Amino acid sequence: MNSDKRYNDRLFKNMGNPFDMDRRDFMKRIGTGLVVAFSVGRTPLKAGLPQDGDPGFNAYLRIGEDGKVTLYTGKIEMGQGPITSLPMELADELDVRLEDVDILMGDTDLCPWDEGTYGSLSTRVFGQVMRAAAAKARAILLKMAAGELSLETSQLEVRDGIVRSRDNHNKRISYAELTKGKKILETEIGDVAMKKASEFRIMGNARLRVDSVEKVTGEAKYAGDIQLPGMLSARILRPPSLGARLLAVDTSEAEAMEGLTVVKDGDFVAVLHPSRHMAGKAIETIKAEWEEEEVELNHDSLFDHILEIATESRVLASKGQLSQGKSDAVQHIESSFLDPYIAHSPIENHTATALMENGKMKVWASCQTPYPTRDDIAETVGMDPGDVQLLPIFVGGGFGGKIYNPQATEVARLVKLTGKPVQLVFSREEEFMYDRLRPAAVVKINAGLNEAGRISYWDLTVHQGGGREAEHFYDIPHSRTRTKSAPRGTMGHPFFTGAWRAPSVNTNTFARESQMDILAAASGVDPVEFRLRHLEHDPRMANVLKTGAERFGWTPAKGPSGRGYGFALGIDVGTYVVVFVEVEVDRTTGYVQVKRAVSCQDMGMIVNPQGATIQAEGCMLMGLGYALREEIQFEGRKMLSRNYDSYSITQFNMAPELEVVLMDSPHEVPHGGGEPPVVCMGGAVANAVFDATGARVFRQPLTPERVKQAIDSI
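This one's a predicted model, so the numbers in the text were calculated from it and none came from an experiment.

Colleague: Before we move on, can you summarise the overall build of the protein chain with the specific residues and values?
Modeller: Looking only at helices and strands, the protein chain features 18 helices and 28 strands. For the protein chain, the C-alpha radius of gyration of 27 Å lies close to 27 Å, the compact-globule estimate for 714 residues. Along the first, second and third principal axes, the C-alpha atoms of the protein chain reach 80 × 75 × 45 Å. Counting the 714 residues in the protein chain, one finds 61% classified as buried. When the accessible surface of the protein chain is summed, it comes to about 27700 Å², and 47% of that surface belongs to carbon and sulfur atoms. Of the side-chain charges in the protein chain, 81 are positive and 97 negative, and the distance between the mean point of each set is 3 Å.

Right, here's the structure in full:
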């Protein structure tokens, strides 16, 4: 896709400065009432950071003459919870009731342009700017009320959208009365003071998600739930492997089927029928001859390929002199950690439904990027972007995989070619083949201990996996962090790769925290104490570790202790996190059962504790999948993992007892909450297996075969 490089450039770097994004001017429609338009690029938050010219507007809020507040945003809801948390922030800052706030998400005709929903930007960046805009709106309304009531603003207070005199509550006027018949547009937020945490009445209190009932009763609508008169269901002819070239095709048998439409547009061959089942039957009758690429590579030889081809080196961070650190060391430990390709595996496959109506293409798509997807569709079918509209719809999980949306451009092509409404639902096989997989990677770490048992040097290189959060956060006098990538024009990966929940951070955390455990064992020190000795400069991370250890019930012991305890520390999108696990290992089979997991995170201000807890629990369960089971099997460019009989994710019988600890930091800005614990699961489980057995596994996932092999090699 045209947008892939832009997304990947952004997602695989560190996310500390999220403001350097491109922005377009956008503000199409305003109604009566007070409208405050705002941008993440034009706020006090950006002071001192490079400007990208006029950033335009990313959203606006409207206070209507009925007193209702509506937030229009290009963000989408895919299970992470902004449909609840953003209105909570807005209601608190404006002093209105939560039930008086509506939110419209992802409608490309009504909502301002937005790059997409990823990287935990909705709360930690967008939410902060939105609060500033709400504070501005509140200040404007107070000034208007002061005029109407012949009082000074200092004599007024607001509660539930009513402005009243502090001394005489009968002297009052509502937001609705103030905005009635008026059309006010404000585009400069200026230096506005947002509320202090002590003034919050809504934020910080657990709220049931507003979409909970819809989703548990099945009433929530997804792209595949859209049914249109005359709609056809599509199936597309797919190659046996990526990159295969279509040499010949025979569609005669399909063409003879009643009610079936066959589309051939170059190599693009599809069948369409009112019944998806019949379309599926028809696609199986097509006879095709393919020329496949010859690539001598599979899931086992992959890691040698990565080390061979990743030759372009880039230093991400360095400190001191490695040569000095090596000279100071009395023990040197070099390790290689291997991570395979894994899939996003959302509950909802990539799906899109579309039709042409009055010269306009209307699309419901399960995607994280409505505006870039709209632009891709327009370019593909040769339309003006203004004639393509993506409509709001729930998304059934994305995890970064729905940043990329080939199903949307394909369904648009079919609508243009047939002139009929079309729905395209990827099969699970298509979902695997066209997924932007988490990149496979090799991480090499060379580190040493001095006579005092402290780390004297640390040299880490990530091969093909991305450098986000590859840099360590420990007190080490001499260190270097590098990435190595394949040169442009070479086949670094045989499959599409992209952002997978916390891109590259889980790979780098697995390697770093495994190596820290190896060094702790080599020094004969309890692994918690070993890390604390290297965190004296970082009280925030040390506090997270101490709090997590206390809640887990950790007692000091050098590893391996035989208890099956392990943990890993990590940082993701500004949140500091630790996950402790307890495992039980069957030494005869190598099977690992995680019995309990405790996550502890400092994520700054917490908007909705219930939402944050749910996200953390989901992260731990999803993380168990990549730690213990998930691995793409392939031969050449042919995907052997095609469904859940050949690719295993976390199952109910794997689920441990879960506990989430959210450290209260209400006076801090909010950080990301959608990803942090997932980054720790690989390292925590690997360290717990070592603690239980004394066997170290360097390759994820920790399958029974690999654990058994490691135990047998002791």
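Colleague: Account for helix H8 (residues 302-309), naming residues and giving values.
Modeller: Restricting attention to buried positions, one finds in H8 the residues Leu 302, Phe 303, His 305, Ile 306 and Ile 309. Taken down its axis, H8 places every buried residue within 155° of arc, on the same side. Of the exposed residues in H8, the ones pointing more than 90 degrees away from its buried face are Asp 304 and Glu 308. Against the buried residues of H8 lie strand S15 (331-339), strand S20 (441-449), strand S21 (455-463), strand S22 (478-485) and strand S26 (634-635).

Colleague: Break down helix H2 (residues 82-94) for me, with residues and values.
Modeller: Its 13 residues place the ends of H2 18 Å apart at the C-alpha level, agreeing with the 18 Å of an ideal helix rising 1.5 Å per residue. With 13 of 13 residues buried, H2 lies mostly within the body of the structure. Just beyond H2, the residue with positive phi is Asp 95, at close to 65°.

Colleague: Quick one: what's the story with the environment of Thr 261, residue by residue and with numbers?
Modeller: The residue Thr 261 is located in strand S11 (residues 261-265) in this model. In the structure, Thr 261 is positioned 308 residues away from Leu 569 in sequence and 55 Å away in space, judged by C-alpha atoms. Setting aside chain neighbours within four positions, we find Thr 261 in contact with Leu 232, Ala 270, Val 271 and Leu 272.

Colleague: I'd like a description of the packing of helix H13 (residues 505-523) against helix H17 (residues 681-693), backed by residues and values.
Modeller: Where H13 contacts H17, the axes come no closer than 8 Å and their chain directions differ by 30°. The angle between the axes of H13 and H17 places the two elements in the roughly parallel class. Relative to H17, the crossing made by H13 is right-handed. Between H13 and H17, the contacting residues are Phe 510, Glu 513, Ser 514, Asp 517 and Ala 521 on the first element and Gly 682, Gly 683, Ala 686, Asn 687 and Phe 690 on the second. Of the residues in the contact of H13 with H17, the class split is four nonpolar, four polar and two charged.

Colleague: Break down the pairing of strand S6 (residues 162-165) for me, with residues and values.
Modeller: Because side chains alternate across S6, one face comprises the buried residues Val 163 and Ser 165, and the other comprises Ile 162 and Arg 164, none of which is buried. Where strand S5 (residues 156-159) meets S6, four bridges bridge the pair, whose relative direction is antiparallel. Paired with Val 158 across the strands is Val 163, a residue of S6. Between S5 and the antiparallel strand that follows it, S6, lie two residues; Asp 160 among them carries a positive phi value of about 55°.

Colleague: Which residues make up the sheet that holds strand S25 (residues 592-602), and what values go with them?
Modeller: Reading across from one edge, S23-S24-S25-S28 is the order of the four strands in this open sheet, with mixed pairing throughout. A strand with exactly one partner marks an edge of an open sheet, and here the two such strands are strand S23 (565-572) and strand S28 (657-662). Each strand axis lies, on average, 15° off the axis of its neighbour in the sheet, ignoring direction. Of the strand pairs in this sheet, S25 and S28 are connected by six bridges, and their pairing is parallel. Bridging across to S28, Ala 597 finds its partner in Leu 658. Its contacts with the sheet place H17 against S23, strand S24 (575-585) and S25, and it is angled at close to 35° to S24.

Colleague: Could you give an account of the nonpolar core, naming the residues involved and the relevant values?
Modeller: Residues Leu 545, Phe 580, Val 581, Leu 628, Ile 632 and Val 685 are the most contacted members of the largest nonpolar core, which totals 128 residues. The residues contacting Ile 632, other than those within four sequence positions of it, are His 299, Tyr 341, Ile 342, Ala 343, Phe 432, Leu 437, Met 639, Ser 641 and Tyr 647. Of all hydrophobic cores here, the second largest spans 39 residues; its members include Phe 126, Ala 134, Val 163 and Met 203.

Colleague: Help me get a handle on the packing of helix H16 (residues 609-628) against H17, residues and values and all.
Modeller: Viewed as axis vectors pointing N to C, H16 and H17 meet at an angle of 60°, and their least axial separation amounts to 8 Å. If you check the angle between H16 and H17, you find them oblique. You can see that H16 and H17 cross each other, and the crossing is right-handed. Contacts between H16 and H17 pair Cys 619, Met 620, Gly 623, Leu 624, Tyr 626, Ala 627 and Leu 628 from the former with Met 681, Gly 682 and Val 685 from the latter. For the contact of H16 with H17, the per-class residue count stands at eight nonpolar, two polar and no charged.

Colleague: How would you sum up the pattern of salt bridges? Please name residues and give values.
Modeller: One pass over the full model with this rule turns up 43 salt bridges. With its nearest N and O atoms 2.6 Å apart, the salt bridge here joins Asp 109 to Lys 360. One end of the pair, Asp 109, is in the loop between strand S4 (101-105) and helix H3 (121-149); the other, Lys 360, is in strand S17 (residues 360-365), and 251 residues separate them in sequence. Comparing Asp 109 with Lys 360 shows no difference in burial state: the two are buried. Here Lys 215 ties to Asp 211 by a salt bridge, and the two come within 2.9 Å at their closest N and O atoms. By relative accessible area, which is 0% here, Asp 211 ends up buried. When salt bridges with common partners are traced through the structure, they connect Arg 512, Glu 513, Asp 517, Arg 531 and Arg 696 into a single cluster.

Colleague: Lay out the confidence of the model for the protein chain with the relevant residues and their values.
Modeller: Looking at the protein chain as a whole, its pLDDT mean stands at 91, while 91% of the residues score no less than 70. Residue range residues 14-30 is modelled with pLDDT below 50. Its contacts to residues more than four positions away, or to other chains, number 60 contacts. The low-confidence segment residues 40-56, where pLDDT is below 50, has 38 contacts with residues more than four positions distant or belonging to other chains.

Colleague: How would you explain the sheet that holds strand S18 (residues 388-390) if you had to name every residue and give the values?
Modeller: Spatially, S11-S12-S9-S19-S16-S17-S18 is the arrangement adopted by the seven strands of the open sheet, whose pairing is mixed. A strand with exactly one partner marks an edge of an open sheet, and here the two such strands are S11 and S18. If you compare each strand with its neighbour and ignore which way they point, the axes differ by 25° on average. When strand S16 (residues 351-357) meets strand S19 (residues 422-425), the two strands line up antiparallel, connected through four bridges. When the sheet's bridge partners are listed, Ala 352 is paired in S19 with Leu 424. Along the sheet, helix H10 (residues 370-381) contacts S17 and S18; its crossing angle with S18, the most-contacted strand, is approximately 150°.

Colleague: An account of the side chain of Lys 195 is requested, with residue identities and associated values reported.
Modeller: With respect to the helices and strands, the residue Lys 195 is situated in the loop between strand S8 (183-186) and helix H5 (212-217). The exposure class assigned to Lys 195 is buried, which follows from its relative accessible area of 14%. Residue contacts for Lys 195: discarding those within four places in its chain leaves Asp 92, Glu 93, Asp 95, Arg 131, Arg 138 and Phe 200.

Colleague: Now, about the environment of Met 88: what can you tell me, with residues and values included?
Modeller: Its location among the elements puts Met 88 in helix H2. With relative accessibility at 0%, the residue Met 88 sits in the buried group. Measuring from C-alpha to C-alpha, the distance between Met 88 and Val 295 comes to 53 Å, with 207 residues separating the pair along the chain. Setting aside anything within four residues of it in sequence, one finds Met 88 in contact with Leu 98, Ile 202, Met 203, Asn 205, Arg 207, Val 607 and Asn 608.

Basis of the calculations
- Residues numbered from 1 in each chain as written.
- Predicted model: local features only at pLDDT ≥ 70, side-chain atom pairs only at ≥ 80, totals over all residues.
- Heavy atoms only, no water.
- Helix = DSSP H or I, 4+ residues; strand = E, 2+ residues; numbered from the N terminus.
- Rg over C-alpha atoms; globule rule 2.2 N^0.38 Å.
- Buried < 20%, exposed > 50% of the residue type's maximum accessible area, 1.4 Å probe, protein only.
- Areas by Shrake-Rupley, 256 points an atom, 1.4 Å probe, with all protein chains shown as cover.
- Lys, Arg positive; Asp, Glu negative; His and termini not counted.
- Charge placed at Lys NZ, Arg CZ, Asp CG, Glu CD.
- Arc of directions from axis to C-beta.
- Contact = heavy atoms within 4.5 Å.
- Expected span 1.5 Å × (residues − 1).
- Axes fitted to C-alpha atoms, helices over the stretch in contact; angles between N-to-C directions.
- Parallel < 35°, antiparallel > 145°, perpendicular 65-115°, else oblique.
- Left-handed = near helix turned anticlockwise from the far one by under 90°.
- Nonpolar A, V, L, I, M, F, W, Y, C, P; charged D, E, K, R; others polar.
- Pairing = 2+ DSSP bridges.
- Core = buried A, V, L, I, M, F, W, Y, C linked by side-chain atoms within 4.5 Å.
- Salt bridge = Lys/Arg side-chain N within 4 Å of Asp/Glu carboxyl O.
- pLDDT = per-residue confidence, 0-100.

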